[in-house]
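Chains, contacts and geometry: an overview
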Amino acid sequence: MTAGEGRDDAEVPAVGIEVEVEAVEGQDEDNREDYEPEEGDRNLLLKDGLLGSITKKSDIEWRRTPYTPVNSAWEIPVPEHPKPLTPYEYFQQYVPSEMFQLITTMTNMYAEQSAVRGYKHASVSEIEALVGLHMGMGVLGLPRVRMYWSSRINIGLFQDTLSRDRFFQLRTNLHVVNNNERPSDNTDVFYKVRPLYDSIRKRCLELQMEENLSIDEQIVPFRGKLSVLQYVKGKPEPWGVKVYFLCGKSGLAYDFLIYQGATTELSDQSKKILGHGAAVVTHLCQRIQNPNHKLFFDNFFTTYNVLEVLSAKNIQAAGTARVCRFANPPLKADKEMSKKGRGLRSRDGKVVLVKWFDNRSVVLASNFVGVGEEDKIERWEQKAGEFVKIKRPEIVKLYNESMGGVDKFDQLISLYRTTIRSRKWSLRMITHAFDVAVVNSWLEYRRHQELQGTQPKQVMDLLQFKMAVAEALVRVGKTQSLKKRGRPSSSNKPSPCMSPTPQPPEEPPKRRAAMERRPIEEVQADMLDHMPNYDTKKEATRCKLPGCSGKTHVYCDKCKVHFCFVSQRNCFKYAHRK
């Protein structure tokens, strides 16, 4: 999210006036403006390592004095020298084979508990194929699931892997945990998918972090019944499950936190003293170990105290701000700034506030930079009928360049999202988890390719990468076809009392003959380019005209269907007339 794109008008960008103010201390949420932390709460924060002291809102004093930017050089970490991996191997770092084994066991267990009629125990290969086919659906995007098995479309990846009924049977019973083992004191709303998300998060925590980071929320689209369902205005998918992400400028995810109301995994003391949004920031910042990272977030998270906390942890932070949380700083009014043209400034102290007026005003707060080194950008001046150059504060430039990491990550997921229409929230969260794993795997793969100096044309895009992972899940380590038709063959195992007899070598499985596809009536009767032709088969094929029992070698070149074509039975002519 860039400066000027937010939840209210206070975040919309302004075209060229700046105001800078320095403060000396502040507090948070709109409904907690009068809260003053007690001495016990301060000691708790000190004990938790959040900061040495919390500044009371009443102690904040704003003054217009020059703000000195914090000049802390970023120490470039030792570059990685990764081994070249395949897309499937990148994906396995997030979802290893042990996770598929767990899902297989829990799926079979749930089917037994539910007494599913005619259910045959699934194998790991079938569950992997199920996930791979869902990824393929996200890429192909057909409007109905059953169409992937349609003989008219003839998608071999689906028809040769799992039968349609088996696919739906496995998906209906898909589980990650044993429902009967849920603890009586469980408060985790998402316990049904927690092992899968923990596996993905484990790999995210191992990644080497970038200098510029951002925190924002992501919505997992879902409109079914769920106690923690959220509506966030302005999002492409406003209804769904909220997930907070810590991402780099490239979009690579380093940590995340699933929102679940009052039971969200946040410290009670942090929520009480800092507020919910700031508590999310301090929780995700536990991932940041090295000093002088630059962290950006929007006005939902920004408070005076959270900037203090991050400054104590040597994290340089900035974000759009709601002025009501900052003890009424003496900023210029929008009306006054609009009259003075583009370029006004104002300031504060330990934390700096910058109000910039472009088309509308935006207020940003930071603990490391204010107006700083301004650059010039072009804006269209309607009255003059020409482009004009205006000054832009350094904090606005840094925010716009680095804040879009989570939005980029969310956009990449939405490109080939695994769409699933189900009222079960667990299925929606499971498919989303695999989408997160694929996108983060691709971003990790692309970063490694850049470090190795690979030409951009030789680097797989997300579409190629996801299809490579899907095909690997479907085909790697599997037989030619997982789908079996007809009755299972009888067992030929010898009795333990009988001496074993030598068995002939097994012949390779024969491919099932392709089914003859019937055209729709409109095509068969369009009277255009229907030419008879002769096949090269040894045996004649049954005529497909209803009521005819004859056999023939003649077929229609366009319809690819056999019809009799002799003087006594001209089925070819009658078949192509209405």
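This section reports on the structure supplied with the text. (Residues numbered from 1 in each chain as written. Predicted model: local features only at pLDDT ≥ 70, side-chain atom pairs only at ≥ 80, totals over all residues. Heavy atoms only, no water.)

**Thoughts on the environment of Glu378**
The line we're drawing: Helix and strand definitions here come from DSSP, where helices need a minimum of 4 consecutive H or I residues and strands a minimum of 2 consecutive E residues; each element is numbered from the N-terminal end. Contacts between residues were defined by any pair of non-hydrogen atoms, one from each residue, lying within 4.5 Å.
With respect to the helices, strands and loops of the structure, Glu378 is situated in strand 10 (residues 375-381). Note: C-alpha distance between Glu378 and Val388 (10 residues apart in sequence) is 5.5 Å. Non-local contacts of Glu378, meaning those with residues more than four positions away in its chain, are made with Phe387, Val388 and Lys389.

**Quick notes on helix 7 (residues 194-204)**
Cut-off, in case you're wondering: Only protein chains enter the calculation, and the probe is 1.4 Å; a residue is then buried if its accessible area is under 20% of its type maximum, exposed if over 50%, and partly exposed in between.
Listed in full, the buried residues belonging to helix 7 are Arg194, Leu196, Tyr197, Ser199, Ile200, Arg203 and Cys204. Packing partners of the buried residues in helix 7 comprise helix 2 (87-94), helix 3 (97-113), strand 5 (253-258) and helix 14 (425-451).

**Quick look at unusual backbone geometry**
Most peptide bonds are trans, and most residues other than glycine sit at a negative phi. Although it is not a glycine, Asn154 sits at a positive phi angle of roughly 60 degrees. Structurally, the position occupied by Asn154 is in the loop between helix 4 (124-140) and helix 5 (156-159).

**What to know about helix 13 (residues 405-415)**
Rules: By construction, the arc corresponds to the directions joining the helix axis to the C-beta atoms.
What helix 13 keeps buried is the set Gly405, Val406, Phe409, Asp410, Leu412 and Ile413. For helix 13, the angular spread of the buried residues around the axis is 160 degrees, confining them to a single face. Considering only its buried residues, helix 13 is in contact with strand 2 (212-221), strand 4 (239-248), strand 5, helix 12 (394-402), helix 14 and helix 15 (462-475).

**So, the nonpolar core**
Selection rule: Nonpolar cores are built from buried Ala, Val, Leu, Ile, Met, Phe, Trp, Tyr and Cys residues. Side-chain atoms within 4.5 Å join them into one set.
Counting 113 residues, the largest nonpolar core has Phe91, Val95, Phe190, Leu295, Phe297 and Phe434 as the members making the most contacts within it. Sort the elements by how many residues they give to this core and helix 14 lands first, with 13 residues. Once you skip the residues sitting within four places of it in the chain, Val95 turns out to touch Phe100, Leu196, Ser199, Ile200, Phe434 and Ala437. By size, the runner-up hydrophobic cluster in this structure holds 18 residues, among which are Val354, Val362, Val371 and Leu398.

**What about the packing of aromatic side chains?**
Definition in use: By convention, a stacked pair of Phe, Tyr or Trp rings (six-membered ring in the case of Trp) has centres within 6.5 Å and planes under 30 degrees apart, an edge-to-face pair has planes over 60 apart, and any other such pair is tilted. By definition, being over a ring means that NZ of Lys or CZ of Arg is both within 6 Å of the ring centre and within 35 degrees of the ring normal.
Throughout the structure, instances matching the rule amount to 21 aromatic pairs. Summarising the aromatic geometry, the rings of Trp380 and Phe387 are spaced 5.0 Å apart at their centres and angled 75 degrees between planes, so their arrangement reads as edge-to-face. One aromatic cluster is present, built from ring pairs that chain together Tyr148, Trp149, Phe158, Phe167 and Phe168. Positioned above the aromatic ring of Tyr119 is the side chain of Arg166, whose terminal nitrogen or guanidinium carbon lies 5.4 Å from the ring centre. Here the guanidinium or amino end of Lys573 rests over the ring plane of Tyr574, the centre of that ring lying 5.1 Å away.

**Observations regarding the packing of helix 2 against helix 15**
What counts is decided by this rule: Helix axes use the C-alpha atoms of the stretch in contact, all axes being lines fitted to C-alpha atoms, and the angles between their N-to-C directions lie in the range 0 to 180 degrees. Roughly parallel refers to an angle under 35 degrees, roughly antiparallel to one over 145, roughly perpendicular to one between 65 and 115, and oblique to any angle outside these ranges. Only Asp, Glu, Lys and Arg are considered charged, only Ala, Val, Leu, Ile, Met, Phe, Trp, Tyr, Cys and Pro nonpolar, and every remaining residue, Gly among them, polar.
At a minimum axis separation of 8 Å, helix 2 and helix 15 run at an interaxial angle of 80 degrees. Taken together, the axes of helix 2 and helix 15 lie roughly perpendicular to each other. For the pair helix 2 and helix 15, the contacting residues are Pro87, Tyr88, Tyr90 and Phe91 in the first and Phe465, Ala468, Val469, Ala472 and Leu473 in the second. Its residues assigned to classes, the contact of helix 2 with helix 15 shows 9 nonpolar, no polar and no charged.

**Topic: the pattern of salt bridges**
Put simply, the test is: Think of a salt bridge as a Lys or Arg side-chain nitrogen and an Asp or Glu carboxyl oxygen that are within 4 Å of each other.
In this structure the tally under the stated criterion is 12 salt bridges. Measuring nitrogen to oxygen at the nearest pair gives 2.2 Å for the salt bridge that ties Arg203 to Glu444. On the criterion of sequence distance, the pair formed by Arg203 in helix 7 and Glu444 in helix 14 is long-range, its members being 241 residues apart. As a salt-bridge pair, Arg475 and Glu471 come within 3.9 Å of each other at their nearest N and O atoms. A residue pair is termed a helical-turn pair when its members lie 3 or 4 positions apart in one helix, as Arg475 and Glu471 do in helix 15 at 4 residues. Via salt bridges that share partners, Asp188, Arg194 and Glu265 belong to a single interconnected network.

**What to know about the pairing of strand 8 (residues 351-357)**
Which entries qualify depends on this criterion: Any two strands are treated as partners once DSSP identifies two or more bridges connecting them.
Counting buried positions along strand 8 yields 7 of 7 residues, so the element is predominantly enclosed. Because side chains alternate across strand 8, one face comprises the buried residues Val351, Leu353, Lys355 and Phe357, and the other comprises Val352, Val354 and Trp356, equally buried. Where strand 8 and strand 9 (residues 361-366) come together, 6 bridges link them in antiparallel fashion. The residue of strand 9 that forms the bridge with Trp356 is Val362. Hairpin connection, strand 8 to strand 9: the antiparallel pair is bridged by 3 residues.

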